[in-house]
Amino acid sequence: MSGITGRKLTSSGQEDGAGSRPVLRVAWRLLPCVVLVLVLIALSAGPALASQGFWQTLSSGTAEDLRSVFFVDQNTGWAVGNNGVILSTSNGGLSWQAQTSGSTASLLSVVFADSSNGWVVGSTSDSKPVILHTSDGGKTWVVQASPAPAGLASITAVDANTVWACGGSTGIVHTTDGGATWVKQDSGLVVSSTITFNSIKFVDKKIGFVAGTYHSVRVTTDGGLTWLDGADVNTLGEKWGIYGVDSMSFTDKDNGWLIGDASIIGSNPLQIVHFLLHTINGARSWQKVPVGSTGIPLAVQFVNQNEGWIIGAAGLILHTGDGGATWVVQSSGTSSGLNAVSLPDTTHGSAVGQGGTIVKYRVGSGPPPPPGGNPIFIDVPATATYFTAIQGLGQAGVIDGYPVGSNKEFRPANNLTRAQFAKMILGVLQVPVTEADWSDSSKPFTDFGPDVANNLYPHDYVAVAFHIGIVQGKTATTFEPTRNITRLQLISIVARAGRLFAGDALPDPPATWTGQLAAAFYNDPNHGANLRVAEYNGLLAGLSAFGATWDATAVATRGEAAQILWNLFNAVGTLPPAPGKRILFADDFSSTVGHWAVFGDQTSAVGYDTTLQHYVISINQAPLSAWGARSPNYADFTVEVDAQIANPLDGLYGLVFRLSDNSNYYEFALSKDGKCQLWKRVAGVRQELTSALDAGSVVNPTGFNHLRVTCQGSTITMYVNGTKMGVPVTDTSFTSGKIGLIGEATSSGGVQFWFDNFKLWSAP
């Protein structure tokens, strides 16, 4: 069996690999009541429940109140609100785009069964029901006829066919054909215009719960054919009047949570209490406690039995990591009321509310607070142009200055060198730097003197910034560390870093967008695209004299650099790796800076597509595999990438790692039908390390899937879209090697594979 291999010496002097070889066709094989007491009056702020992340306020593009939000995965979500507003996001809520609903109704609830099929319900100004449906992810919405007696307030879906909604006058409607026909269901309560069902949840096709005003909770175990009483809130011993349940969250058929409010009968003046209820026996009994003085809760979501959030008025956000035994207040960054929250997992989510408010949950420490207390730099008073940025970054410990006696000066008017900015950007990104990052025997640039032990600057900072792909050399062998950096160069580095470390946190501006600067700067072949991204996403806000006469080619000052870095902190936050890990390299393939292999002949090709901003593997005959690898060699690591088959043909795609040559490496690959497998190739012979593993329930068959592999010693662990595949594999064949991306045509040629958002981390 012969193979075609190629080697390319890049401009950096690093040797990278590309290759292709015939492959054997792969035959995939399938593998065979006690109630918890919850106390919310005293909220804990202890370290045991410290937040995993922070909430960041983002722009929604609308001033209408948003009433509901729903994510089908960590990236794809929708928000709806008053006056027919529907917004969508494909990057985890970092940016939102308006969709045309064709309605002016108050849209109160949204749900999606998958990334294509979704429903929105609401109420017209005269309390008539509204149901909208999409089968293309919201590109088009169509009205579906509803037999509900009044407006609808909540909707839940089990799959693309089976959906329930509820609303006014004890209305419950149900469809089993995706909404082509909706039928009324009898709630078992007397129909009353004063009774509204506010929340409905189904955990499968049979078991569901509905709740609303007057504290009514109804349960069905037969798909809604009959509804029976759950434990009514008023059975808890309180003499409560009107109001009722506002929000429900069930993690399974037994474990559920309710948020609600009530008036106390006989109180004068009128007293309103707010409560959180929990059941572990399917609503047969509940335990309640008042929320107390912590705010007015409006919605609750539990991701699992331990991890949950409450949101509410005046930007209230509470979080528990221990099933509600203790709660911490999380800063939402807004004083606007929050109406709804959706978290597809414990590390991603968004909440929406009044005036178009959207806050996104992010992993990391968050942007630094505004400066307070004693200033770090004595030459930057409160009246200085860049006071907030400079003192804020200084107090966060991510920038430094010049010692003057026992004090420090920042010298904001001074020019900034290329090496100085490499250190500053790594501080903002929280990338660790050690003495081991630069070796004089294998240095990436020749225009540095010997590295000084116990002094990281500038050698180790420059080496790390270069290897993770956020700075480039002036030539293949020189960096020019003491040369002043221009504004355009600095802006390009910041835009690139934001995209590498935060995915699509900095979206491209629309084609029709025009900036404030002279048009020639946006046409710069090296930096114009990054300039557009930076300005569009607010990274240049606050720069002195920014406008039509601002010279983007001028040398940058230290003050300008601090302002742009402060904007980056507040635009995308910081996303440090898990404790004990550090990023080694990241690439979004928007340019060729990553030094990946480029190779091609009549059978296959690998390389960059900077228009798509992907790394692309194309294979023209089958069976054949092709890959592109990148130096240097790595032993223990975590590698992750987004990948997909770009056309409707068959094939496999994934990662190669510990690759020493074309005949010896590991491979983890995924197919379009959701099967994945780990192999090794030893002396050119392919061997299975696992049988086919079924990832179908988490795989997106028509879009990108997130693949991840961790190598720790002889142990290999594989993930698809965050879900571990099988059990870790132990194998000692290869201990280190290059890491690459691979595609395999299994049945026909003409297959193309796309790769994006590559990240490589050190071992834990």
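Here the structure is a predicted model, which means the values were calculated and not measured. (Residues numbered from 1 in each chain as written. Predicted model: local features only at pLDDT ≥ 70, side-chain atom pairs only at ≥ 80, totals over all residues. Heavy atoms only, no water.)

**Focus: the overall build of the protein chain**
Consideration 1: When you go through the protein chain residue by residue, the secondary structure sums to seven helices and 49 strands.
Consideration 2: Counting only residues that meet the buried cut, the protein chain has 55% of its 764 residues in that class.
Consideration 3: Surface exposure of the protein chain reaches about 29,900 Å², of which carbon and sulfur atoms provide 52%. (Helix = DSSP H or I, 4+ residues; strand = E, 2+ residues; numbered from the N terminus. Buried < 20%, exposed > 50% of the residue type's maximum accessible area, 1.4 Å probe, protein only. Areas by Shrake-Rupley, 256 points an atom, 1.4 Å probe, with all protein chains shown as cover.)

**Examining the sheet that holds strand β19 (residues 228-229)**
Consideration 1: Across the sheet, which stays open at both edges, the four strands sit in the order β16-β17-β18-β19 with antiparallel pairing between neighbours. Whereas interior strands pair on both sides, the edge strands pair on one side only; in this sheet they are β16 (197-202) and β19.
Consideration 2: Sheet topology places strand β17 (residues 208-212) next to strand β18 (residues 217-220); four bridges connect them, and they run antiparallel. Residue pairing across strands places F209 opposite V219, the latter belonging to β18. (Pairing = 2+ DSSP bridges.)

**Regarding the nonpolar core**
Consideration 1: Counting 64 residues, the largest nonpolar core has L393, F421, I425, L426, I470, L490 and V494 as its most contacted members.
Consideration 2: Within the residue set of this core, elements represented by two or more residues are α1 (387-395), α2 (418-429), α3 (459-467), α4 (487-502), α5 (519-522), α6 (528-536) and α7 (558-572).
Consideration 3: In terms of residues, this core owes the most to one element, α2, which gives eight residues.
Consideration 4: Not counting chain neighbours up to four residues away, the residues in contact with F421 comprise L416, I485, L490, I493, V494, A561 and L565.
Consideration 5: Listed in part, the 47 residues of the second largest apolar core include F585, V641, V709 and V729. (Core = buried A, V, L, I, M, F, W, Y, C linked by side-chain atoms within 4.5 Å. Contact = heavy atoms within 4.5 Å.)

**Here we look at the pairing of strand β42 (residues 685-688)**
Consideration 1: Sheet topology note: the strand β41 (residues 675-682)/β42 ladder contains four bridges and is antiparallel. Residue pairing in the sheet places W679 in a bridge with E688 of β42.
Consideration 2: From the end of β41 to the start of β42, which pair antiparallel, there are two residues, and A683 there has a positive phi angle of about 50 degrees.

**Concerning empty space enclosed by the protein**
Consideration 1: If you add up the space inside the second largest cavity, you get close to 40 Å³.
Consideration 2: Every residue lining the second largest cavity is listed: Q644, I645, Y653, S671, K672, N700, P701, T702, G703 and N705.
Consideration 3: Broken down by class, the residue content of the lining of the second largest cavity amounts to three nonpolar, six polar and one charged. (1 Å grid on protein atoms, 1.4 Å probe; cavity = no way out; pocket = protein on both sides within 12 Å on 5 of 7 lines; lining within 4 Å. Points joined across faces, edges and corners; volume = space filled by probe spheres on them. Nonpolar A, V, L, I, M, F, W, Y, C, P; charged D, E, K, R; others polar.)

**With respect to the pattern of salt bridges**
Consideration 1: Scanning the entire structure with this criterion turns up twelve salt bridges.
Consideration 2: Taking the shortest distance from any N to any O, the salt bridge between D126 and K128 comes out at 3.7 Å.
Consideration 3: Close ionic contact of K253 with D254 constitutes a salt bridge, the shortest N to O distance being 3.3 Å.
Consideration 4: Linked through salt bridges whose partners overlap, the residues forming this network are E667, R686 and E744. (Salt bridge = Lys/Arg side-chain N within 4 Å of Asp/Glu carboxyl O.)

**Quick word on the environment of D73**
Consideration 1: Topologically, D73 is positioned in the loop between β4 (66-71) and β5 (77-81).
Consideration 2: On the accessibility criterion, D73 (32% relative accessible area) is partly exposed.
Consideration 3: Note: C-alpha distance between D73 and P344 (271 residues apart in sequence) is 5.5 Å.
Consideration 4: Within the local environment of D73, its side chain forms a polar contact with the backbone nitrogen of N75, the two atoms lying 2.8 Å apart.
Consideration 5: Only 2.7 Å separates the side chain of D73 from the backbone nitrogen of T76, close enough to count as a polar contact. (Polar contact = N/O pair within 3.5 Å; in protein donor to acceptor, adjacent residues only side chain to side chain.)

**Looking at the packing of aromatic side chains**
Consideration 1: Tallying each qualifying case throughout the model produces 29 aromatic pairs.
Consideration 2: Between the aromatic rings of W55 and Y361, the centroid separation amounts to 5.1 Å while the plane-to-plane angle is 45 degrees, which identifies the pairing as tilted. Of this pair, W55 sits in strand β3 (residues 53-58) while Y361 is found in strand β30 (residues 358-363), placing the two residues 306 residues apart along the sequence.
Consideration 3: Overall, the relative accessible area of 5% leaves W55 in the buried class.
Consideration 4: Where W164 meets F202, the ring centres are 3.5 Å apart and the plane angle is 5 degrees; that geometry is what we call stacked. With W164 in strand β13 (residues 163-167) and F202 in strand β16, this residue pair connects regions lying 38 residues apart in the sequence. For the pair shown, W164 and F202 are each scored as buried. (Phe/Tyr/Trp six-rings, centres within 6.5 Å; stacked < 30°, edge-to-face > 60°.)

**A closer look at the side chain of S618**
Consideration 1: Tracing the backbone through its elements, the reader meets S618 in strand β36 (residues 614-619).
Consideration 2: When sequence neighbours within four positions are dropped, the list of residues in contact with S618 reads T603, S604, A605, V751 and Q752.

**A look at the packing of α2 against α3**
Consideration 1: It is at 9 Å that the axes of α2 and α3 come closest, and there the two elements cross at 65 degrees. The angle between α2 and α3 places the two elements in the roughly perpendicular class. Where α2 crosses over α3, the two elements pack in a sense that is left-handed. Residue-level inspection shows A419, A422, K423 and L426 of α2 in contact with α3, the latter providing Y461, V462, V464 and A465.
Consideration 2: In terms of residue class, the contact of α2 with α3 is made up of seven nonpolar, no polar and one charged. (Axes fitted to C-alpha atoms, helices over the stretch in contact; angles between N-to-C directions. Parallel < 35°, antiparallel > 145°, perpendicular 65-115°, else oblique. Left-handed = near helix turned anticlockwise from the far one by under 90°.)

By themselves these figures say nothing about function.
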